[in-house]
Structures are given as C-alpha cells and as structure tokens.
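One-letter residues, chain by chain:
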Amino acid sequence: MFKGFGLPEAHAHYFRGNIEERFNHHHFQILGFSFPINGSSFDQHVHRIEGITIEEKGHQHRYSVDSGPPILLAKGGHYHKFSGETVSREKHEHYFSGETSLPIGNYPLNW
C-alpha cells in the first residue's frame, strides 16, 4: 500500500511498438517508458504512452495514447496493449501498435 492511503503502488512499464510503412518511408520502432500510475493487475488502470518517432532523414511524428487496461498473466503481473495514430506537421499519419513489459519500478514506499 502507498503511505496509508490504500492505493496500489505506482509503477511504470517499458513499451515497444511497430509503425506501419506509409508514403514510401518507414519510421524506426517506437519504444520508451509509460508514465507511472497507481494500479494493480486487477483494476482497470491505464498508462499514458507518448513520444516522438524519427526516420533516417529526420522526419518525425509525435504519438500520445492511453494504453488499454491491464492484461493479467498466469504467472503473475500484467502488461498493457496500445495502438493509435501518429501526428505530424507534414499532414500524414502512421498507425502504430505495441505492448508494454511487466511493471517496472515504484516510487519509494515512504515517499
């Protein structure tokens, strides 16, 4: 529990995703860390997934979505799926999707 408030501990996830090839160019795989949130494997919490993807000529897209709810694993823990569409100044988008890792890291218990 978290400092007497009865909340699950905060945690984040590593994430990785793929981006569709479109308009004759391909962006590198998206990866990063979700924003931390208080949640457990048994509630309906979601994480914010966001960042920037770049292709080799410097062209970039932003992405920002909420993950889906936790998916419970048989051996314990959970992960999340996510998908969405990038945004860019060039007025075209790329669809992307991926999954998170198991939960990583917590705030200190006495924080």
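Higher on the page you've got the structure.
This write-up is about the structure you can find in this document. Remember, predicted model here, so these are calculated numbers, not experimental data.

## With respect to the overall build of the protein
In terms of regular secondary structure, the protein is built from zero helices and nine strands. In sequence order, the protein lays out its α and β elements as β-β-β-β-β-β-β-β-β. Principal-axis analysis of the C-alpha atoms places the extent of the protein at approximately 50 × 30 × 20 Å. Split into buried and exposed, the 111 residues of the protein put 34% on the buried side. Put simply, 56% of the contacts in the protein that link residues at least 6 apart link residues at least 24 apart. By element, 56% of the accessible surface of the protein is carried by carbon and sulfur atoms, the whole surface being about 7,100 Å².

## Brief notes about the packing of aromatic side chains
Aromatic ring pairs are reported here in terms of the distance separating the ring centres and the angle at which the planes meet. Following the criterion strictly, the structure yields five aromatic pairs and no others. When the centroid spacing of 5.6 Å and the interplanar angle of 80 degrees are considered together, the rings of Phe-15 and Phe-82 count as edge-to-face. Here Phe-15, found in strand 1 (residues 10-19), pairs with Phe-82, found in strand 8 (residues 81-85); they are 67 residues apart in sequence, far enough to count as distant. There is no split in this pair, since Phe-15 and Phe-82 are both buried. An angle of 55 degrees between the planes, with centres 5.5 Å apart, marks the rings of Tyr-63 and Phe-96 as tilted. One end of the pair, Tyr-63, is in strand 5 (residues 60-66); the other, Phe-96, is in strand 9 (residues 95-104), and 33 residues separate them in sequence.

## Notes on the layout of surface pockets
There is about 160 Å³ of room inside the largest pocket. Together, Ile-52, Gly-58, Gln-60, His-61, Arg-62, Val-87, Ser-88, Arg-89 and Glu-90 line the largest pocket. Considering only residue class, the lining of the largest pocket consists of two nonpolar, four polar and three charged.

## Structural notes on the environment of Glu-50
Checked against the element boundaries, Glu-50 lands in strand 4 (residues 48-54). A relative accessible area of 30% means that Glu-50 is categorised as partly exposed. With 14 residues separating them in the primary sequence, Glu-50 and Ser-64 have C-alpha atoms 4.1 Å apart. Among all residues touching Glu-50, those that are not within four sequence positions of it are Phe-15, Phe-35, Tyr-63 and Ser-64. Only 3.0 Å separates the side chain of Glu-50 from the side chain of Ser-64, close enough to count as a polar contact.

Parameters at a glance
- Residues numbered from 1 in each chain as written.
- Predicted model: local features only at pLDDT ≥ 70, side-chain atom pairs only at ≥ 80, totals over all residues.
- Heavy atoms only, no water.
- Helix = DSSP H or I, 4+ residues; strand = E, 2+ residues; numbered from the N terminus.
- Buried < 20%, exposed > 50% of the residue type's maximum accessible area, 1.4 Å probe, protein only.
- Contact = heavy atoms within 4.5 Å.
- Areas by Shrake-Rupley, 256 points an atom, 1.4 Å probe, with all protein chains shown as cover.
- Phe/Tyr/Trp six-rings, centres within 6.5 Å; stacked < 30°, edge-to-face > 60°.
- 1 Å grid on protein atoms, 1.4 Å probe; cavity = no way out; pocket = protein on both sides within 12 Å on 5 of 7 lines; lining within 4 Å.
- Points joined across faces, edges and corners; volume = space filled by probe spheres on them.
- Nonpolar A, V, L, I, M, F, W, Y, C, P; charged D, E, K, R; others polar.
- Polar contact = N/O pair within 3.5 Å; in protein donor to acceptor, adjacent residues only side chain to side chain.

Bear in mind that shape data such as this cannot, by itself, settle questions of function.
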